[in-house]
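Coordinates in review
Each chain is listed here by its residues.
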Amino acid sequence: MAALDLFGRRWILRILWELRDGPLGFRPLQQRCDGMSSSVLQQRLGELRETLLVERDTAGAYRLTGLGRDAYDELRGLVRWSDRWAAELDRLPCDQPAVEP
């Protein structure tokens with residue numbers, strides 16, 4: 001439940017996603033996250049560092065730890081599922097609701 005609570009916080013998954021290819025400094029990470037406020041980014045990075053998913057390298061950039069990389073790898077299954085889900089939704093006729101009332 002703790003992991004679901006963490007991953008459910010706004011921007012957490014986006015930060016993990018943006019760090020998947022390697023370290024990023026604060027400003028480049030903020031830009032990749034559609035310019036989220038610096039205070040929110042600072043708070044989320046602090047939470048991710050406290051939970052050992054993100055660390056700062058010697059240059060001061062943020063990167064995934066081994067645990068962070070493992071979390072990203074596990075979340076890739078959710079990405080594959082969401083791709084299938086989106087494809088199913090795209091096949092619905094435009095005038096048909098996705099869920100029957």
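Treat the numbers as computed from the prediction; the structure is a model and nothing was measured. (Residues numbered from 1 in each chain as written. Predicted model: local features only at pLDDT ≥ 70, side-chain atom pairs only at ≥ 80, totals over all residues. Heavy atoms only, no water.)

Looking now at the packing of aromatic side chains. Under the criterion given, the structure shown has two aromatic pairs. Pairing Trp17 with Tyr72 gives two aromatic rings, centres 6.0 Å apart and planes at 55°, and the pair type is tilted. Here Trp17, found in helix α2 (residues 12-18), pairs with Tyr72, found in helix α5 (residues 66-90); they are 55 residues apart in sequence, far enough to count as distant. Using a relative accessible area of 35% as the deciding quantity, one classes Trp17 as partly exposed. (Phe/Tyr/Trp six-rings, centres within 6.5 Å; stacked < 30°, edge-to-face > 60°. Helix = DSSP H or I, 4+ residues; strand = E, 2+ residues; numbered from the N terminus. Buried < 20%, exposed > 50% of the residue type's maximum accessible area, 1.4 Å probe, protein only.)

A separate point is the pattern of salt bridges. Summed over all chains, the structure comprises nine salt bridges. The closest approach of N and O atoms between Asp34 and Arg14, which form a salt bridge, is 3.1 Å. Of this pair, Asp34 sits in the loop between α3 (26-32) and α4 (38-50) while Arg14 sits in helix α2; the two residues are 20 residues apart in sequence, bridging distant segments of the chain. For Asp34, a relative accessible area of 60% puts it in the exposed group. Salt-bridge contacts for Glu47 lead to Arg44; the nearest nitrogen and oxygen are separated by 3.2 Å. Placement of both Glu47 and Arg44 in helix α4 is noted, with a separation of three residues, approximately one turn of the helix. Each member of the pair, Glu47 as well as Arg44, carries the same accessibility label: buried. (Salt bridge = Lys/Arg side-chain N within 4 Å of Asp/Glu carboxyl O.)

In this structure, Ile15, Leu19, Leu29, Leu41, Leu45, Leu48 and Val54 are the most contacted members of the largest nonpolar core, which totals 19 residues. Only α2, α3, α4 and β2 (62-64) provide two or more residues apiece to this core. The contact partners of Leu19, leaving out residues within four places of it in the chain, are Leu24, Leu29, Val54, Tyr62, Arg63, Leu64 and Arg69. (Core = buried A, V, L, I, M, F, W, Y, C linked by side-chain atoms within 4.5 Å. Contact = heavy atoms within 4.5 Å.)

So, on to a nonpolar patch on the surface. A surface patch of nonpolar side chains, amounting to about 420 Å² of accessible area, comprises Leu78, Trp81, Trp85 and Leu89. Within the secondary structure, Trp81 sits in helix α5. (Patch = residues over 30% accessible without salt bridge, like charges linked within 9 Å, V, L, I, M, F, W, Y side chains within 5 Å. Areas by Shrake-Rupley, 256 points an atom, 1.4 Å probe, with all protein chains shown as cover.)

These figures capture arrangement, not role.
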